[in-house]
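# Observations on the model geometry
Take a look at the letters that make up each chain.
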Amino acid sequence: MEKILEQYFIQKNELVFTNIGTIHLTKKPASWIGEILHAPELSILFTTVKKKPSNQFFSYIAEALSVSPEQANIQYEQFLQKSFEKQEATITIGNLGSIEKKGDEYFWKNNFTSNQYYKDITISPILSKEEVYKQKSIQWPWIALILSILAITAIIFKYL
């Protein structure tokens with residue numbers, strides 16, 4: 001079940017634990033400040049707002065387990081109840097982190113840090129000492145005139 005929950009979280013960026021709480025993936029986009037491109041920041045936040053998972057969630061579990069959505073709901077509830085029946089219990093969600101129960105309270109232990117994957121980039125202006133030579137170019141009216149003269153000459157030679 002943990003693998004299914006991990007996959008769902010990765011795809012939907014949210015995972016609801018019935019009557020326990022919810023984990024969310026929050027994203028702060030990259031930003032320019034001066035000459036530094038600050039890396040985007042991703043973090044997983046746990047809120048203890050108790051709610052029920054969506055029907056989409058149970059459909060996802062049902063498809064993964066090859067059961068009906070109602071049966072998936074029952075199996076998920078039993079999984080949570082069995083996992084947290086002790087006073088000190090933990091559910092690990094892949095390498096992302098784990099929900100720990102201590103007494104009657106739940107805590108998220110985060111193993112995911114986006115700064116391992118993204119780094120800030122410092123960009124300084126590029127100074128070039130090379131001189132840029134301006135190329136001489138023939139303007140298009142002159143090219144058209146030369147081509148038309150060649151075409152007229154070719155037509156005259158063909159008929160002579």
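Refer to the structure presented above.
Residues numbered from 1 in each chain as written. Predicted model: local features only at pLDDT ≥ 70, side-chain atom pairs only at ≥ 80, totals over all residues. Heavy atoms only, no water.

## Considerations on the overall build of the protein chain
Scanning the protein chain for helices and strands turns up 4 helices and 9 strands. When the helices and strands of the protein chain are placed in sequence order, the string is α-β-β-β-β-β-α-α-β-β-β-β-α. On the principal axes, the C-alpha backbone points of the protein chain span a range of 105 × 50 × 20 Å. In the protein chain, which comprises 160 residues, the share counted as buried stands at 25%. Nonlocal contacts in the protein chain, meaning residues at least 24 apart in sequence, comprise 48% of its contacts between residues at least 6 apart. Accessible surface for the protein chain amounts to roughly 12200 Å². Of this, 57% is attributable to carbon and sulfur atoms. Distance from the positive charge centre (17 side chains) to the negative charge centre (16 side chains) of the protein chain: 8 Å. (Helix = DSSP H or I, 4+ residues; strand = E, 2+ residues; numbered from the N terminus. Buried < 20%, exposed > 50% of the residue type's maximum accessible area, 1.4 Å probe, protein only. Contact = heavy atoms within 4.5 Å. Areas by Shrake-Rupley, 256 points an atom, 1.4 Å probe, with all protein chains shown as cover. Lys, Arg positive; Asp, Glu negative; His and termini not counted. Charge placed at Lys NZ, Arg CZ, Asp CG, Glu CD.)

## Digging into the packing of aromatic side chains
Inspection of the entire model under this criterion finds 6 aromatic pairs. Ring plane angle 70 degrees and centroid distance 4.9 Å describe the contact between Phe57 and Tyr76, whose orientation is recorded as edge-to-face. Placement of Phe57 in helix 2 (residues 55–65) and of Tyr76 in helix 3 (residues 69–83) is noted, with a sequence separation of 19 residues between them. When sorted by exposure, Phe57 lands in the same class as Tyr76, which is buried. (Phe/Tyr/Trp six-rings, centres within 6.5 Å; stacked < 30°, edge-to-face > 60°.)

## Re the pairing of strand 5 (residues 41–47)
Within a regular beta strand, the side chains point alternately toward one face of the sheet and then the other, so they alternate between its two faces. Only one face of strand 5 is buried, namely the one carrying Leu42, Ile44 and Phe46, since none of Glu41, Ser43, Leu45 and Thr47 on the opposite face is buried. When strand 2 (residues 21–28) meets strand 5, the two strands line up antiparallel, connected through 7 bridges. Along strand 5, the bridge assignment pairs Thr26 with Ser43. (Pairing = 2+ DSSP bridges.)

## Brief notes about helix 1 (residues 2–12)
Of all the positions in helix 1, only Ile4, Leu5, Glu6, Tyr8 and Phe9 are classed as buried. Buried residues along helix 1 sit in contact with strand 1 (14–17), strand 2, strand 5, helix 2, helix 3 and strand 6 (88–93). Following helix 1 by one or two positions, Asn13 adopts a phi angle in the positive range, close to 65 degrees.

## Points about the sheet that holds strand 5
Strands sit in the order 1-2-5 across an open sheet of 3 strands; the sheet is antiparallel. Two strands bound the open sheet, and with one partner strand each, they are strand 1 and strand 5. Here the average twist between neighbouring strands, direction ignored, is 20 degrees. Strands in contact with helix 1 are strand 1, strand 2 and strand 5; relative to strand 1, the strand with the most contacts, it is inclined by about 135 degrees. (Axes fitted to C-alpha atoms, helices over the stretch in contact; angles between N-to-C directions.)

## Comments concerning the nonpolar core
Membership of the largest hydrophobic core comes to 28 residues, with the highest contact counts inside it found for Leu5, Leu15 and Phe17. Looking at this core, the elements with two or more residues in it are helix 1, strand 1, strand 5, helix 2, helix 3, strand 6 and strand 8 (105–110). Apart from residues no more than four positions distant in its own chain, Leu15 is found in contact with Leu5, Tyr8, Phe9, Gly21, Thr22, Ile23, Phe57 and Ile93. (Core = buried A, V, L, I, M, F, W, Y, C linked by side-chain atoms within 4.5 Å.)

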